[in-house]
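Remarks on the overall topology
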Amino acid sequence: MRIVTVGDNCMDVYQASGRAYPGGNPVNVAVYLKDLGADSCYIGWVGCDSYGGLMKKEILKKGVDISHLTKKDGKTAVTYVELVNNDRVFGEYDEGVMADFSLTQEELDFIGTHQLVHAGVWGHVEGYYSHFKEMGLQTSFDFSNQLDHRLVKTLPQFVDYSFFSYTQDDPFIRQFLKDVKNNGSKITIATLGENGSLAYDGEQFYKCGVVAVDVVDTMGAGDSFISGFIYGKLNGLPTIKCLDLGAATAAKTIQYFGAW
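Overview of the structure. (Residues numbered from 1 in each chain as written. Predicted model: local features only at pLDDT ≥ 70, side-chain atom pairs only at ≥ 80, totals over all residues. Heavy atoms only, no water.)

With that settled, consider the sheet that holds strand E11 (residues 187-191). Note on sheets: strands pair through backbone hydrogen bonds, and any given pair is parallel or antiparallel. The mixed open sheet is built from 9 strands, whose spatial order is E5-E4-E1-E8-E9-E10-E11-E12-E13. Of all strands in the sheet, those bounded by a partner on one side alone are strand E5 (69-72) and strand E13 (205-208). Each strand of the sheet is rotated relative to its neighbour by a mean of 15°, with strand direction disregarded. Packing of helix H2 (residues 50-61) onto the sheet brings it into contact with strand E4 (39-47) and E5, and relative to E4 it is tilted by some 175°. (Pairing = 2+ DSSP bridges. Helix = DSSP H or I, 4+ residues; strand = E, 2+ residues; numbered from the N terminus. Axes fitted to C-alpha atoms, helices over the stretch in contact; angles between N-to-C directions. Contact = heavy atoms within 4.5 Å.)

This is how it looks when you write it as structure tokens:
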């Protein structure tokens, strides 16, 4: 199973402690997929600062392929984080060198050697998704909580698995997932925090709860859920089992500080 994640990375700096942890949706998804047993690769840019060196070192330690992680002149992206009742709250975000991110033809050819490509709404990768589908790749994309983002209308036609973050199972999110499915996605999925998750495949809804654990830090919970779901799908599991695997993977993540 070969999966490539592309786009944003950042150092999550916890303001109370000053501690910094590597993160960013594509990075996290690659790390969690590797933990699950997949062959994962991450493509992105880091700066020439100490955070860039730390990012490369820590991702490599997790066994993720970083042969296409490029160092650029400038600063590595940083997100400042606060914990409120063990729930992470994002503050200021400095995009650093990732603001100008793009892919080379060699990187596109390399991406084509994988089964599935994943990216997120902040990664500057959306313009390549039509090409990914032309290459015959399976695709997933994390829209995060940006339910009103312009890409929600245009990108799902090129995305097999569209992920969103919301708060609860209600008529709004059910209709929203139906609309995104009608825009072209194979399956649409919403993570609902403590209320579990919800998926729609055009025929029915699937709902899954959470795994009860002691919560230390919710950083990376959604990304680990995505990893579990993707891993399940590429292994041929039915959708409800993929939701279960996503919930189990997320439960591990929220029991420690930082995404991983």
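Let's pick the thread back up.
A few words on the environment of Phe-172. On the secondary structure map, Phe-172 appears in helix H6 (residues 171-182). With sequence-adjacent residues up to four places away left out, Phe-172 is seen in contact with Leu-147 and Tyr-166.

In this section: the packing of aromatic side chains. Using the criterion set out here, one finds 12 aromatic pairs in the structure. Taken together, a centroid distance of 5.6 Å and an interplanar angle of 40° make the contact between Tyr-166 and Phe-172 tilted. When its relative accessible area of 46% is taken as the criterion, Phe-172 is described as partly exposed. Above the ring of Trp-45, the side-chain terminus of Lys-72 is found at 4.5 Å from the ring centroid. It is Arg-174 that lies over the ring of Phe-205; its NZ or CZ is 4.6 Å from the centre. (Phe/Tyr/Trp six-rings, centres within 6.5 Å; stacked < 30°, edge-to-face > 60°. Buried < 20%, exposed > 50% of the residue type's maximum accessible area, 1.4 Å probe, protein only. Lys NZ or Arg CZ within 6 Å of the ring centre and 35° of its normal.)

Below, the discussion takes up the pattern of salt bridges. Scanning all chains against the criterion turns up 8 salt bridges. In this structure, the salt-bridge partner of Lys-61 is Glu-58, at a minimum N-O distance of 3.5 Å. In this pair, Lys-61 and Glu-58 are both assigned in helix H2, 3 residues apart and thus about one turn of the helix distant. Look at Lys-61 and you get exposed, because its relative accessible area is 60%. In this structure Glu-58 comes out as buried when scored by relative accessible area, which is 19%. (Salt bridge = Lys/Arg side-chain N within 4 Å of Asp/Glu carboxyl O.)

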